[in-house]
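# Secondary and tertiary structure notes
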Amino acid sequence: QVQLVGSGGGLVQPGGSLRLSCAASLSGFSGYYMGWYRQTPGNQRDLVARIAPGGATTYADSVKGRFAISRDNAKNTVDLQMNSLKPEDTAVYYCRANSLTRGIAYWGQGTQVTVSS
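To keep things clear, this report deals only with the structure shown in the data block. Sequence order as written defines residue numbering, which begins from 1 separately in each chain. Reporting of local features is limited, given that this is a predicted model, to residues whose pLDDT is at least 70; pairs of side-chain atoms are given and counted only at 80 or more, and all residues count toward the totals for whole chains, interfaces and linings. Excluding hydrogens and water, the side-chain values take into account all heavy atoms of the structure.

Each helix and strand counted, the protein chain has zero helices and eleven strands in total. For the purposes of this entry, the term helix denotes a DSSP run of H or I that reaches at least four residues, the term strand denotes a run of E that reaches at least two, and both are numbered from the N terminus. Starting at the N terminus, the α and β elements of the protein chain follow one another as β-β-β-β-β-β-β-β-β-β-β. For 117 residues, the compact-globule estimate of 2.2 N^0.38 gives 13 Å, and the protein chain sits close to it at 14 Å. Along the three orthogonal principal directions, the C-alpha set of the protein chain runs to about 40 × 25 × 25 Å. Note on classification: 1.4 Å probe, protein chains only; a residue is buried when its accessible area is under 20% of the maximum for its type, exposed when over 50%, partly exposed between these limits. The buried share among the 117 residues of the protein chain stands at 40%. Within the protein chain, contacts between residues at least 6 apart in sequence are counted, and of these 53% link residues at least 24 apart. Where the 11 positive side-chain charges of the protein chain centre and where its 6 negative ones centre are 6 Å apart. Radius of gyration: C-alpha atoms only; globule rule: 2.2 Å multiplied by the number of residues to the exponent 0.38. Should any heavy atoms of two residues lie within 4.5 Å, those residues are considered in contact. This count recognises Lys and Arg as positive and Asp and Glu as negative, with His and chain-terminal groups excluded. Lys charges are placed at NZ, Arg charges at CZ, Asp charges at CG and Glu charges at CD.

Structure, rendered in structure tokens:
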């Protein structure tokens, strides 16, 4: 059974930092695109950052220069380091694993990030 377990969310003041982590029980983890998405009430789930199997990264314009995604294929984990957080970063953050070759994708359960003073 595939599981993506996200952790590291919480309440932080503007300008602060958080590190999200996603642990994946996923065979062939190194071959998956891993991403972090976020969603606020009434809105769609949007891509925040993605890392390809080879390590190439993609970021939403709103987080470039502040967030960094990384993966550890030995531990089956993907992290999102979030710096200089802003109130508009407040959302539920979801981890996603996507295999283009297998045509399948999995979502984690979501972790709340709240940026507020």
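Of note, S116 is situated in the segment after β11 (111-115). Taking the relative accessible area as the measure of exposure, S116 reaches 39% and is therefore partly exposed. In contact with S116, not counting residues within four places along its chain, are L11, V12, Q13 and P14.

Summarising the element assignment, N98 is placed in strand β9 (residues 91-99). Since its relative accessible area comes to 18%, N98 is described here as buried. Filtering out sequence-adjacent residues up to four positions away, N98 remains in contact with Y32, Y33, I104 and A105.

Another aspect to go through is the side chain of R66. Take R66: it is sitting in the loop between β6 (57-59) and β7 (67-72). Sequence-distant contacts of R66, defined by excluding residues within four places in its chain, comprise Q81, M82, N83, S84, L85, K86 and D89.

Moving on: the nonpolar core. What makes a nonpolar core is a set of buried Ala, Val, Leu, Ile, Met, Phe, Trp, Tyr and Cys residues whose side-chain atoms join them at distances within 4.5 Å. Counting 28 residues, the largest nonpolar core has M34, W36, F67, V78, L80, M82 and Y93 as the members making the most contacts within it. Where this core is concerned, the elements lending two or more residues are β3 (18-25), β4 (33-39), β5 (46-51), β7, β8 (77-82), β9 and β11. Ignoring anything within four residues of it in the chain, the contact list for M34 reads L4, F29, A49, R50, I51, I69, R71, V78, C95, R96 and A97.

Fair warning: the whole summary comes from geometry, so function is off the table for now.
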